[in-house]
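Spelled out, the chains give:
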Amino acid sequence: MKLIAMKLSLVIFAATVFAHGNSTSRDSCLAKILDDDTIHAPTATRKSTNWGGAVAQVAAPHTSYYAVVGSFIAPDPKPPSKAAGHGPWKGSAWVGIDGWGDGPGLFQAGITWQVEKAKNGSLVTSFGAWHEWVPANSAGFENFKILAGDILTVLCQTSNSSYGVCAIHNHNTGIVVSQPMTAPSAKTTLVGKHAEWIVEDFMEGVNGNPMKPVPFADFGKVEWFDCEAAAVGTKNRSSTEDAFVVDMNFNETDWTSVTTSGKNMTIKYAG
């Protein structure tokens, strides 16, 4: 079955009813880069403490990304093999523009997963879909059901550096949700230098406590396909094929393993 590609994905915005989001304590962070990004060859693997996936960089100096799209299969998360207690353990997958050393703004949408152990030892898994323009808080899409194995397409498109719309299509249910967003401030407008397809160990604040990384779930793998990004002034599109790979690494351990093939990518849990 041919899934939505870039041009067809743009039709989502004309066909869907906007869903208003509810507030959530989940928040993405800009990439926490472990090394000097300027010393690498264009496609060399980078390291980040919170991101794993692929990041495309515009080839021309005077252009910028205005749209990014990617499809992936919702994972079936499990507790890490050495984890104690009942959890929960969490993670997220998303597409976005900016955030890799571009400034304080990051325009994105995606899903979050959570798994915990019930008292009888069984696993309870849940998912949520969301949109966000960092540094503003994320907001969830209501009435958007996701199960492990569902095929999702996520698209974020801007009309200028301070306004855009993100949409998510669940191919298994046929439901599409979308949300317009504006930059939180004049200082957080988009540069458009990078576009991303990412699995993240996101930040969360509980009961008013400071934000910190969530306990990271063993997500198995996230299979991505039809990943593309469009830039102003060119018909050529970037994809995971010409992006650089980012491995999540903290406590001197790689927590993701990323492989790309054309417009496709597999992000595996490696913790």
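Given the structure is predicted, the values throughout are model-derived calculations rather than measurements.

Calculation rules
Residues numbered from 1 in each chain as written. Predicted model: local features only at pLDDT ≥ 70, side-chain atom pairs only at ≥ 80, totals over all residues. Heavy atoms only, no water. Helix = DSSP H or I, 4+ residues; strand = E, 2+ residues; numbered from the N terminus. Buried < 20%, exposed > 50% of the residue type's maximum accessible area, 1.4 Å probe, protein only. Areas by Shrake-Rupley, 256 points an atom, 1.4 Å probe, with all protein chains shown as cover. pLDDT = per-residue confidence, 0-100. Pairing = 2+ DSSP bridges. Disulfide = S-S within 2.5 Å. Salt bridge = Lys/Arg side-chain N within 4 Å of Asp/Glu carboxyl O.

Enquirer: Help me understand the overall build of the protein chain, please; the structure alone is not making it clear to me.
Expert: Within the protein chain, the regular secondary structure consists of two helices and 21 strands. By residue count, 51% of the 271 residues in the protein chain fall in the buried class. Per element, the accessible surface of the protein chain, about 12200 Å² overall, is 53% carbon and sulfur.

Enquirer: I would appreciate a short explanation of the confidence of the model for the protein chain in the present structure.
Expert: In low-pLDDT regions, the fine details of the predicted coordinates are not to be read closely. For the protein chain, mean pLDDT is 86; residues scoring 70 or higher make up 85% of the total. Highest mean pLDDT in the protein chain belongs to strand E21 (residues 264–269) (98); lowest belongs to strand E1 (residues 21–23) (34).

Enquirer: In this structure, what is going on with the pairing of strand E5 (residues 65–73)? I would like to understand it.
Expert: It is a general feature of regular strands that their side chains alternate between the two faces of the sheet. Of all nine residues in E5, seven are buried, a share of seventy percent or more. In this structure, E5 lies alongside strand E10 (residues 151–160), joined through seven bridges in antiparallel fashion. Across the sheet, Ile73 pairs through a bridge with Ile151, a residue of E10.

Enquirer: Mind showing me how you'd approach unusual backbone geometry here?
Expert: Where the residue is not glycine, phi is negative for most of them; where a peptide bond is considered, it is trans in most cases. Omega for the bond connecting Gly87 with Pro88 falls within 30 degrees of zero, at 10°, which places this linkage in the cis form. Looking at the secondary structure, you find Pro88 in the loop between E5 and strand E6 (89–97). A cis geometry characterises the amide bond from Val134 onward to Pro135, with omega recorded as 20°. Tracing the backbone through its elements, the reader meets Pro135 in the loop between strand E8 (123–134) and strand E9 (139–141).

Enquirer: I'm lost on the state of the cysteines in this one. Help?
Expert: Where two cysteines share a covalent bond between their sulfur atoms, that bond is called a disulfide. Enumeration according to the criterion identifies one disulfide in this entry. Between Cys156 and Cys166 runs a disulfide, and the two sulfur atoms are separated by 2.2 Å. Handedness here is read from the sign of the S-S torsion; for Cys156 and Cys166, about 115°, the answer is right-handed. Of this pair, Cys156 sits in strand E10 while Cys166 sits in strand E11 (residues 163–170), and the two are 10 residues apart along the sequence. In this structure, Cys156 and Cys166 share a single accessibility class: buried.

Enquirer: Would you mind showing me how to read the pattern of salt bridges here?
Expert: Two side chains carrying opposite charge are able to pair once their charged atoms lie near each other. Throughout the structure, instances matching the rule amount to six salt bridges. Residue Asp254 is joined to Lys47 by a salt bridge in which the shortest nitrogen-to-oxygen separation is 2.9 Å. Note that Asp254 is positioned in strand E19 (residues 253–254) and Lys47 in strand E3 (residues 46–48), a separation of 207 residues in sequence. Among the residues examined, Asp254 registers a relative accessible area of 29% and is labelled partly exposed. For Lys47, a relative accessible area of 25% gives the class partly exposed. The closest approach of N and O atoms between Glu223 and Lys221, which form a salt bridge, is 3.1 Å. When its relative accessible area of 42% is taken as the criterion, Lys221 is described as partly exposed. Each of Glu228, Arg237 and Lys263 takes part in a single network of salt bridges with overlapping partners.

Enquirer: It is not clear to me how the pairing of strand E13 (residues 194–200) should be interpreted in this structure. Could you clarify?
Expert: Most of E13 sits out of view: seven of its seven residues are buried. Alignment of strand E4 (residues 51–57) against E13, held across seven bridges, turns out to be antiparallel. Bridging from a neighbouring strand, Gly52 pairs with Val199 of E13. The pairing of E6 with E13 spans six bridges and is antiparallel.

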